[in-house]
2 protein chains.
Amino acid sequence: MAKEVTSKEENYSLWYNNLVVKADLAENSAVRGCMVIKPYGYAIWEKMQAVLDRMFKQTGHQNAYFPLFIPKSFLSREAEHVEGFAKECAVVTHHRLKANPDGPGVVVDPDARLEEELIVRPTSETIIWNSYKNWIKSYRDLPILCNQWANVVRWEMRTRLFLRTAEFLWQEGHTAHATAAEAMEEAERMVGVYADFARNYMAMPVVVGHKSAHERFAGALDTWCIEAMMQDGKALQAGTSHFLGQNFAKAFDVQFANRDGRLDYVWATSWGVSTRLMGALIMAHGDNNGLVLPPALAPVQVVMVPIYKGEDELSEMLAYMGRIGEELSAAGISFKIDGRDNIRSGFKFAEWELKGVPVRLTIGRRDIEAGVVETARRDTAEKFSLSRDGIAAQVRKLLDDIQSNMYRKALAFRDANTFKVDSWDEFKERVDDGGFMLCHWDGTTETEMKIQEETKATIRCIPVDSYVVKEEGKCIYSGKPSHQRVIFAKSY
Amino acid sequence: MAKEVTSKEENYSLWYNNLVVKADLAENSAVRGCMVIKPYGYAIWEKMQAVLDRMFKQTGHQNAYFPLFIPKSFLSREAEHVEGFAKECAVVTHHRLKANPDGPGVVVDPDARLEEELIVRPTSETIIWNSYKNWIKSYRDLPILCNQWANVVRWEMRTRLFLRTAEFLWQEGHTAHATAAEAMEEAERMVGVYADFARNYMAMPVVVGHKSAHERFAGALDTWCIEAMMQDGKALQAGTSHFLGQNFAKAFDVQFANRDGRLDYVWATSWGVSTRLMGALIMAHGDNNGLVLPPALAPVQVVMVPIYKGEDELSEMLAYMGRIGEELSAAGISFKIDGRDNIRSGFKFAEWELKGVPVRLTIGRRDIEAGVVETARRDTAEKFSLSRDGIAAQVRKLLDDIQSNMYRKALAFRDANTFKVDSWDEFKERVDDGGFMLCHWDGTTETEMKIQEETKATIRCIPVDSYVVKEEGKCIYSGKPSHQRVIFAKSY
C-alpha cells in the first residue's frame, strides 16, 4: 500500500494528520495556520452544509451575508467580547501596495493607511447588531432569524488541520427576539438541531449541556454546547449556541417598541458550527486503514471495483457495473466505478478504504455467472455476497445498517470511557487516561481554574440529556456541597 | 404606496439604488464599500449559486477551498498580475490588538507585526498555483478542475451595491491542463456555461466575445467574456473566462512529466462570476414598480393574496389557498400566502410587485364561487382569470411564458439599441445615447485608448456569437484596415 497510515495506538496525533493528508481532505498552505480544503474534504463539508442548511430553513431561518471586516471600534463596544477576541485578530491597516522603491517586488504604500483599522471577523455579532439596529423598530420586526455561511479568522498560535486553524469556514446564526424567554428557547432549539445533526448524520454521540460561566462565549449569558468523545478519550466541543441576553442590543443601542408601545432592548442568540466538525468526524470513526465515513455524509457511498483479465473483460465489467449504478442512482445511492486500468485491485481497495467509502462492491466473471456481487463494508471490514437481483434495496439496507452501527459503536466506546469519580486522588490518577469524568463540583470558577491548572482537565459541560446525575454530593476539589455532577475531561 | 421608487427615466442611478434597498436586497454597511446582503437578496444569490454549481459539476468540476490570505510576495511573482491588483489591496499587517494604554478601547499591538504582510485575496490564482505545485507531478494528475465559492476584496474607490463593492462574493474556477489546446477549450466551455446561465436562467441576452488585449485579465493571454446591455444602454460585463497560458505555472514553477516523460509547464484557465450578476439582473429587467424577477431565479414564484371581510372569511381563504399551494408545490412551484391581517391588499400588491414576484393570485369569495383565480403577471402587468381546476399546470405554463417573454423583451431592446457606426463623427454623436456600437477598429491599444480618452467608450468585446460582422472596413478612428467589427459602448 502506497500511502501508509501511522497507527493510532502508536501516535494518535500523527494518525489523525496522516488521515487528513493522505485521504486528500486538506493540507497546510503557505499561509501560517490557514488550510487548503481539497476537493474530497470539501465534498464532505458540502454534504454537512446541505443537511444543516435544510435544518436551519425548516426551523424558520434565512441566510444573509454580512461584511468580512469589522471596524476596530465595534469590537470594544461589548467589554467581554473584545477581551475574548482582541488577542487573536488579523488587522487590516492599509489598502494599497506600490512598487518597491529599493528593489524588486511591492511594499505597503504608507500613504494608504486606513483611518480606522479593520478586523477580519473572528465572529460577527458586532457588525450584525450594528445592522440590526436599522432593521428593528417595533415588535412587528421581530423575530429576526438569520444565518450566514462564512469564513472567519482567529489568529491561533498552535494550529491543526480542521481542529484549530487561523481561517476556518462556519455558519453563524444571529437571531433577535422580543423576549428573553423566546431567545432562550431559540438557543436551546439550535443546540438541539446540532445534536440531531451530530447523532443522525455524523453518527457521533454527543452530550448536550451548558458551559460553566468561565467557558462561556465572550459576551454570552448562557452557552449551550454539544460535546463529543474522540477515540483517544479526549473531548471535542462540536457546536455552541449562545443566549446573549441584551448585551449586544445595549452595545449597539438596538431598541424596539413592544406591544405596549414602550421601548425595550432586543434579546439575542448566536450559534455556530464549523469545519472543526470535519476533524470530529475523522477522529470519531477513523481506524488504522483510514477514514470511516457515515453513509449520510459520504460523497461516494458505494465504490465498484472490477476484477478482470484483459480489455474485453474490463469493458464487459464496466457495462455490467454501469447497469448496477443506474439501479443505485434510482434508489438515491451515490456510487463510483473505479475502472482505472493502470492500478492493481489491491491498491484500489486500500485507496477507497483510506477514503472511508462505506460499501465496496467487487465483481468478477464468476460473480456475474453466479448472479452475485462480492460486498465489503468499511465499518466492520466484513465481506459477503449479495445477490445481483434487487441489489439496490440490499445496499440501501446495508448503508442504513452501517449508519446505525457506527453510532452504536461510538456510543458504546463513550459509555465505556465515562466514569464517576468521587475523590481528588482518583481524579488525578485517572485524568491522563482520557474519558469523561462525572464529578461533583462546587460551582465556582476558582475551583474550576485550580483543577485546570493542576491537571489540564476542564469542565466540558453541565449535562442536560446524557449522564445527568442530579444528586447531593461534595466537590471533588473543595469538598463543598454540590447538587449535580458535571463532565470533566481533557479536550481538543 | 409606502416605498416609492424614483422612475428610471428621471434618474436611472437612483432608480437602481432604490430597487436594491427598497426591495430589501442589500444595503451599505458601516465598512466603506462593503455591503450587507439581506435575506431576500441572498435567496436570489443562492438560486444562482445552485444552478451554476450544478452546471460546473456537470462539466466535471469539483469544489475546494483555498486561503483568504495571500503572502505579499506571491502577488509579485506574475508581473502583470501584481500591476493589475496592487493598487486595490486590503493589507493585513498585525495579528493582535491590546488595551489602549492612553484611554478606552483597543489599539493595534505593535509587537504583533507580521513578518510578511498578507493580502486579502482579490482573486486566487497565486495562492492556488502555489498549491497546485504540490498536486501535479505527471500528466496523470491532469486535468485539475477546481472551483471555489468565496469572498474577495478589491479596494475600489467608487462603490455601488452589487455592481462594484470592496468585498464581493463570487466563484472562481481554476483549472490545470497538459496542453494549450485543452486549456483554451476549457476557457471557451466555461464562457459558454456563463452564456447559457445568463440567457436561460437570468433571461438576459449576452454577447460572447474576446476582450481586447488592453481589457484582458491581469496575467491572461486571452479573456473571454459575456456582455449584457442594461436598460440605460450601458454595457455590463457579467462574466469572464481566461486562458492563462503558462504564466502562473512559470511564476510558481509548476511542471509536469508529459506522456513522453519530458518536463513541461502546466497550462491554466480561470473563470468567475460574482454578486455583480445581482446588479445585472436588477438592471436588465426592473421597471418603475420594482424588480421583475425571471421565474427560474425568483425565490417566490407565486404570491397569493386573499381578498376578504372579517376573520372568518380570512381563515376560509387561507385554507383554500393552502390547498392551491399544495398543488403548486407538487408541481415544483414555490409560493407564499400573504395572510397579514394588518396590511391592506393594495399595499401587499405594491410590495410584491416591488419584490418582483412573477405571478400574483388574488382570491375573493366571488372567485371561489365562480371557480376562478384572479391572476396578474409581473412582467407585462396583465390581469386575467384562470380556472381553479388544474391551476398548477396553468401557472407552470404561465411561468414558462414569463421566462421566455422576459428574454425576448430584453433581446428586442438590445437589438433596437445596437447600431453599425462607420464614421468618427457619428461615433461621437451617438456615444452619449448609449447602446452597442458596431465599429471597425484597427486592432491597436493606442487607438483603443484614444477613443476611450475622448469618449469614455471602451471595446466591450470582439464578438463571436452575436453581431458578428466579418467584413473588410476601415477603423473609425485611424482609418486603417479592419476585418471585423467590434462592440464599443460605455459600461458599468
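Thresholds applied
- Residues numbered from 1 in each chain as written.
- Chains lettered and ligands numbered in written order.
- Predicted model: local features only at pLDDT ≥ 70, side-chain atom pairs only at ≥ 80, totals over all residues.
- Heavy atoms only, no water.
- Helix = DSSP H or I, 4+ residues; strand = E, 2+ residues; numbered from the N terminus.
- Polar contact = N/O pair within 3.5 Å; in protein donor to acceptor, adjacent residues only side chain to side chain.
- Contact = heavy atoms within 4.5 Å.
- Least-squares fit on C-alpha atoms with pLDDT ≥ 70 in both.
- Buried < 20%, exposed > 50% of the residue type's maximum accessible area, 1.4 Å probe, protein only.
- Salt bridge = Lys/Arg side-chain N within 4 Å of Asp/Glu carboxyl O.
- Nonpolar A, V, L, I, M, F, W, Y, C, P; charged D, E, K, R; others polar.
- Phe/Tyr/Trp six-rings, centres within 6.5 Å; stacked < 30°, edge-to-face > 60°.
- Lys NZ or Arg CZ within 6 Å of the ring centre and 35° of its normal.
- pLDDT = per-residue confidence, 0-100.
- Pairing = 2+ DSSP bridges.
- Axes fitted to C-alpha atoms, helices over the stretch in contact; angles between N-to-C directions.
- Left-handed = near helix turned anticlockwise from the far one by under 90°.

1. Describing the side chain of His285 of chain B
Residue and element names in this part refer to chain B.
So, step 1. Within the secondary structure, His285 is located in helix H8 (residues 276–285).
So, step 2. A polar side-chain atom of His285 sits 2.7 Å from the main-chain carbonyl oxygen of Met202.
So, step 3. A polar contact is formed between the side chain of His285 and the backbone oxygen of Ala203, at a distance of 3.3 Å.
So, step 4. Apart from residues no more than four positions distant in its own chain, His285 is found in contact with Met202, Ala203, Met204, Gln231, Val292, Pro294, Met406 and Ala410.

2. Comments concerning the relation of the copies chain A and chain B
So, step 1. Here chain A sits on chain B after a turn of 180 degrees about the axis and a move of 0.0 Å along it, with an RMSD of 0.0 Å. Viewed as a symmetry operation, the transformation between the two copies matches a two-fold axis. When C-alpha positions in chain A are compared against the rotation axis, the closest is assigned to Val92 of chain A, at 2.1 Å.
So, step 2. Looking at the interface residues of chain A, 100% of them are also at the interface in chain B, so both copies use one shared face.

3. Examining the environment of Met230 of chain A
All names here are of chain A.
So, step 1. Inspection of the secondary structure puts Met230 in the loop between strand E12 (222–229) and strand E13 (235–245).
So, step 2. A residue is classified by how much of its surface remains accessible, and Met230, at 0% relative accessible area, is buried.
So, step 3. Note: C-alpha distance between Met230 and Ser491 (261 residues apart in sequence) is 9.2 Å.
So, step 4. Residues within four places of Met230 in sequence aside, it is in contact with Tyr12, Met204, Leu236, Ala280, Met283, Ala284, Phe413 and Tyr492.

4. A word on the interface of chain A and chain B
Where interface size is quoted, it is often the accessible area lost as the parts come together.
So, step 1. Facing the 63 residues of chain A at the interface are 63 residues of chain B.
So, step 2. Our count for the chain A to chain B interface comes out at two salt bridges.
So, step 3. For Glu46 of chain A, the salt bridge goes to Lys57 of chain B, with nearest N and O atoms at 3.0 Å.
So, step 4. Linking chain A with chain B are 28 residue pairs in polar contact (both at pLDDT 80 or more).
So, step 5. Across the side of chain A that touches chain B, the residue classes tally to 38 nonpolar, twelve polar and 13 charged.

5. Regarding helix H8 (residues 276–285) of chain A
So, step 1. With ten of its ten residues buried, H8 of chain A lies for the most part within the structure.
So, step 2. Restricting attention to buried positions, one finds in H8 of chain A the residues Arg276, Leu277, Met278, Gly279, Ala280, Leu281, Ile282, Met283, Ala284 and His285 of chain A.

6. Looking at the pattern of salt bridges
So, step 1. Evaluated as defined, the whole model comprises 64 salt bridges over all chains.
So, step 2. Here Lys133 of chain B ties to Asp253 of chain B by a salt bridge, and the two come within 3.5 Å at their closest N and O atoms. Taken as a pair, Lys133 of chain B in helix H5 (residues 125–135) and Asp253 of chain B in the loop between helix H7 (247–251) and strand E14 (255–257) lie far apart in primary sequence, 120 residues in all.
So, step 3. The class for Lys133 of chain B is partly exposed, based on a relative accessible area of 30%.
So, step 4. Beyond isolated ion pairs, a larger network of salt bridges with shared partners links Asp24, Glu27, Lys38 and Lys355 of chain A.

7. Comments concerning the packing of aromatic side chains
So, step 1. Under the defined criterion, the tally for this structure stands at 38 aromatic pairs over all chains.
So, step 2. Considering the side-chain rings of Phe66 of chain B and Trp135 of chain B, the 5.9 Å spacing of their centres and the 35 degrees angle between planes classify their relative orientation as tilted. Taken together, the residues span a long stretch of sequence, with Phe66 of chain B in the loop between strand E3 (62–63) and strand E4 (69–71) and Trp135 of chain B in helix H5 at a distance of 69 residues.
So, step 3. Note on Phe66 of chain B: relative accessible area 1%, which makes it buried.
So, step 4. By relative accessible area, which is 14% here, Trp135 of chain B ends up buried.
So, step 5. Three or more aromatic residues joined by ring pairs form one cluster here, namely Trp45, Phe56, Trp149, Tyr194 and Trp271 of chain A.
So, step 6. Arg430 of chain A extends its terminal NZ or CZ atom over the ring of Phe419 of chain A, reaching a point 3.9 Å from the ring centre.

8. What about unusual backbone geometry?
So, step 1. Each neighbour pair has its own omega, and for Leu142 of chain A with Pro143 of chain A the value is -5 degrees, a cis peptide bond.
So, step 2. Relative to the elements of secondary structure, Pro143 of chain A occurs in the loop between helix H5 (125–135) and strand E9 (144–153).
So, step 3. In the Ramachandran plot, Ala381 of chain B falls in the positive-phi region, its phi being about 65 degrees despite a non-glycine side chain.
So, step 4. Judged by its relative accessible area of 53%, Ala381 of chain B is exposed.

9. Here's the deal with the confidence of the model for chain A
So, step 1. Per-residue confidence for chain A averages 96 on the pLDDT scale, and 99% of its residues sit at or above 70.
So, step 2. Predicted complex metrics record ipTM = 0.96 and pTM = 0.97.

10. Section: the environment of Asp389 of chain A
So, step 1. Tracing the backbone through its elements, the reader meets Asp389 of chain A in the loop between strand E21 (383–387) and helix H12 (391–416).
So, step 2. Separated by 65 residues in sequence, Asp389 of chain A and Ile324 of chain A place their C-alpha atoms 9.7 Å apart.

11. Here we look at the environment of Leu161 of chain A
Residues and elements named next belong to chain A.
So, step 1. In this fold, Leu161 is placed in the loop between E9 and strand E10 (167–177).
So, step 2. With relative accessibility at 3%, the residue Leu161 sits in the buried group.
So, step 3. Linking Leu161 and Tyr16, residues 145 residues apart in sequence, is a C-alpha distance of 9.3 Å.
So, step 4. Setting aside anything within four residues of it in sequence, one finds Leu161 in contact with Tyr16, Asn17, Val20, Val21, Ala26, Glu27, Asn28 and Met35.

12. Thoughts on the sheet that holds strand E17 (residues 302–306) of chain A
Residues and elements named next belong to chain A.
So, step 1. The sheet built from five strands is open, its strands ordered E18-E17-E19-E20-E21 with mixed pairing. On the outer flanks of this sheet lie strand E18 (335–337) and E21, each paired with one strand and no other. The average angle at which neighbouring strand axes cross in this sheet is 25 degrees, direction not considered.
So, step 2. In terms of strand pairing, E17 meets strand E19 (residues 359–363) through five bridges, oriented parallel. When the sheet's bridge partners are listed, Val302 is paired in E19 with Val359.
So, step 3. Packing against the sheet, helix H9 (residues 310–330) makes contact with E17, E18, E19 and strand E20 (372–377), and its axis sits at approximately 165 degrees to E17.
So, step 4. Relative to E17, helix H10 (residues 345–354) is tilted by about 175 degrees, and along the sheet it contacts E17, E18 and E19.

13. Regarding the packing of helix H1 (residues 12–22) of chain A against H8 of chain A
Residue and element names in this part refer to chain A.
So, step 1. Direction vectors running N to C along H1 and H8 enclose 115 degrees, while the axes themselves pass 11 Å from each other. Considering how the two elements wind past one another, H1 and H8 form a crossing that is right-handed. Between H1, through Tyr12, Trp15, Tyr16, Leu19 and Val20, and H8, the contact on the second element is made entirely by Gly279, Ile282 and Met283.
So, step 2. For the contact of H1 with H8, the residue count by class is seven nonpolar, one polar and no charged.

14. Some points on the pairing of E20 of chain A
Residue and element names in this part refer to chain A.
So, step 1. Relative to E20, E19 is paired through four bridges, and the arrangement is antiparallel. Across the sheet, residue Arg360 finds its bridge partner in E20, namely Ala376.
So, step 2. Bridging between E20 and E21 involves five bridges; their strand directions are antiparallel. Bridged to Val373 within E21 is Leu386.

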